[in-house]
Amino acid sequence: MKTILVAVGTGILLSPFSRSAQLEVDVGRSRIQVDAKATGHGFTGSLQKYEAKIAGDAATGKPTAMDLKWDFNDLDTADDKRNNEMVKWLGGGKPKGSFSFVKSWNEKPDGGNAQGKLTINGVSKDVSFPYVVKRDGEWVTIDGKVRLDYQDFKLPIIRAMAVMTVDPKLDVRFHIVGKVK
């Protein structure tokens, strides 16, 4: 489940910025979340802390860069025991995740599609997803969602008490808000 939120933040990279402009992400107004389903219930993990570097070119309307890095210890599922078990499942210590923008297509002033390399558990996979961009003055909001299978990152199915299983399909949602600089 931790793996999911990694991919989550990936979609935030694209919007029509001024030439070579940077997006200064407002972490307090932004959300990167992972939705998981388990036997009999579901839960959401929210990434509390991360590093995001996002840039784009308004002249072409294309994103030019997006790098997202995080520590899975900063993924909060609102259950300390589950958070600790997740870190153990990822190998313990300070398991990291990252996303790096590769390309975009179907760009329009209000969004498009993006592809990037998501790395979880030391395994990198290409992921692609649609995104939507809204602009209000110097503020930019980027929303998107990507579905992941944590087994693609060489992580085992999560089972507990012989009856509870966490579905390997996770949805990573992102709502990135920032100012163009």
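Residues numbered from 1 in each chain as written. Predicted model: local features only at pLDDT ≥ 70, side-chain atom pairs only at ≥ 80, totals over all residues. Heavy atoms only, no water.

Peer 1: Sorry if this is basic, but what is going on with the overall build of the chain here?
Peer 2: When you go through the chain residue by residue, the secondary structure sums to two helices and 13 strands. Contacts in the chain between residues far apart in sequence, at least 24 positions, make up 65% of those at least 6 positions apart. Accessible surface, the chain as shown: approximately 8,800 Å² in total, 48% of it carbon and sulfur. (Helix = DSSP H or I, 4+ residues; strand = E, 2+ residues; numbered from the N terminus. Contact = heavy atoms within 4.5 Å. Areas by Shrake-Rupley, 256 points an atom, 1.4 Å probe, with all protein chains shown as cover.)

Peer 1: What should I look at first to understand the nonpolar core in this one?
Peer 2: Residues Tyr50, Leu118, Ile142 and Ile176 are the most contacted members of the largest nonpolar core, which totals 44 residues. The contacts of Tyr50, once residues within four sequence positions are left out, are Val25, Val27, Ser30, Ile32, Leu68, Lys69, Trp70 and Ile176. (Core = buried A, V, L, I, M, F, W, Y, C linked by side-chain atoms within 4.5 Å. Buried < 20%, exposed > 50% of the residue type's maximum accessible area, 1.4 Å probe, protein only.)

Peer 1: Looking at this structure, I do not really get unusual backbone geometry. What am I missing?
Peer 2: The phi dihedral of Asn121 falls on the positive side, at around 55 degrees, and the residue is not glycine. Within the secondary structure, Asn121 sits in the loop between strand 8 (111–120) and strand 9 (123–136). At Lys154, a residue that is not glycine, the phi angle is positive and equals roughly 60 degrees. Mapped onto the elements of the fold, Lys154 is located in the loop between strand 10 (139–149) and strand 11 (158–160).

Peer 1: I tried to follow the environment of Gln151 on my own but got confused; where do I start?
Peer 2: Mapped onto the elements, Gln151 comes out in the loop between strand 10 and strand 11. Remark: the alpha-carbon pair of Gln151 and Lys169, spanning 18 residues in sequence, is separated by 8.6 Å. Discounting chain neighbours no more than four positions away, the residues touching Gln151 are Ile157 and Pro168.

Peer 1: Help me out: how do you make sense of the side chain of Gln33 in this one?
Peer 2: Relative to the helices and strands, Gln33 is located in strand 2 (residues 31–38). A relative accessible area of 14% places Gln33 in the buried class. At a separation of 3.1 Å, a polar atom in the side chain of Gln33 contacts the side chain of Ser46. (Polar contact = N/O pair within 3.5 Å; in protein donor to acceptor, adjacent residues only side chain to side chain.)

Peer 1: Sorry if this is basic, but what is going on with the pattern of salt bridges here?
Peer 2: Where charged atoms of side chains with opposite charge meet at close range, the side chains can pair. A complete count under the given rule lists seven salt bridges for this structure. Residue Glu138 is joined to Lys179 by a salt bridge in which the shortest nitrogen-to-oxygen separation is 3.3 Å. Here the residue Glu138 occupies a position in the loop between strand 9 and strand 10, and Lys179 occupies one in strand 13 (residues 169–180), the gap between them amounting to 41 residues. The class of Glu138 is partly exposed, set by a relative accessible area of 41%. Between Arg147 and Asp171 there is a salt bridge, and its shortest N-O distance comes to 2.8 Å. Here Arg147 is found in strand 10, whereas its partner Asp171 is found in strand 13, with 24 residues between them in sequence. (Salt bridge = Lys/Arg side-chain N within 4 Å of Asp/Glu carboxyl O.)

Peer 1: How do you make sense of the pairing of strand 8 when you look at a structure like this?
Peer 2: Side-chain positions along a regular strand alternate between the two faces of the sheet. The element strand 8 is extensively covered by neighbouring structure, given that seven of its ten residues are classed as buried. Between strand 7 (residues 96–108) and strand 8, which pair antiparallel one after the other, the connecting turn spans two residues. Here strand 8 folds back onto strand 9, and the loop between the two strands holds two residues, one of which, Asn121, carries a positive phi near 55 degrees. (Pairing = 2+ DSSP bridges.)

Peer 1: Would you explain the pairing of strand 10 in this entry?
Peer 2: Sheet topology note: the strand 9/strand 10 ladder contains six bridges and is antiparallel. Looking at strand 10, one finds that Asp136 is bridged to Trp139. Taken together, strand 9 and the strand that follows it, strand 10, pair antiparallel across an intervening segment of two residues, in which Gly137 is found at a positive phi of about 65 degrees.

Peer 1: Where do I start with the confidence of the model for the chain in this structure?
Peer 2: For residues with low pLDDT, the predicted coordinates do not support detailed interpretation. Averaged over all residues, the pLDDT of the chain equals 87, while 86% of them reach at least 70. Strand 6 (residues 75–76) holds the highest mean pLDDT among the elements of the chain, 98, whereas helix 1 (residues 2–8) holds the lowest, 33. Contacts from residues 1–18, a stretch scored under 50 in pLDDT, to residues over four places away or in other chains number 119 contacts. (pLDDT = per-residue confidence, 0-100.)

Peer 1: Explain the packing of aromatic side chains here, please?
Peer 2: Where two aromatic rings form a pair, the distance of their centres and the angle of their planes describe that pair. The tally for this structure, following the rule as stated, stands at four aromatic pairs. Taking the centre distance of 5.8 Å and the plane angle of 80 degrees together, the rings of Trp70 and Phe72 count as edge-to-face. Here the aromatic rings of Phe129 and Phe174 are separated by 5.6 Å at their centres, their planes lie at 75 degrees, and the arrangement is edge-to-face. Separated by 45 residues along the polypeptide, Phe129 in strand 9 and Phe174 in strand 13 bring together distant segments of the chain. Taken as a pair, Phe129 and Phe174 share a single burial class, namely buried. Taken together, the ring pairs in this structure connect Phe99, Phe129 and Phe174 into an aromatic cluster. Here the guanidinium or amino end of Arg29 rests over the ring plane of Trp139, the centre of that ring lying 4.1 Å away. The cationic tip of Arg82 hangs over the ring face of Phe43; the distance from NZ or CZ to the ring centre is 4.0 Å. (Phe/Tyr/Trp six-rings, centres within 6.5 Å; stacked < 30°, edge-to-face > 60°. Lys NZ or Arg CZ within 6 Å of the ring centre and 35° of its normal.)

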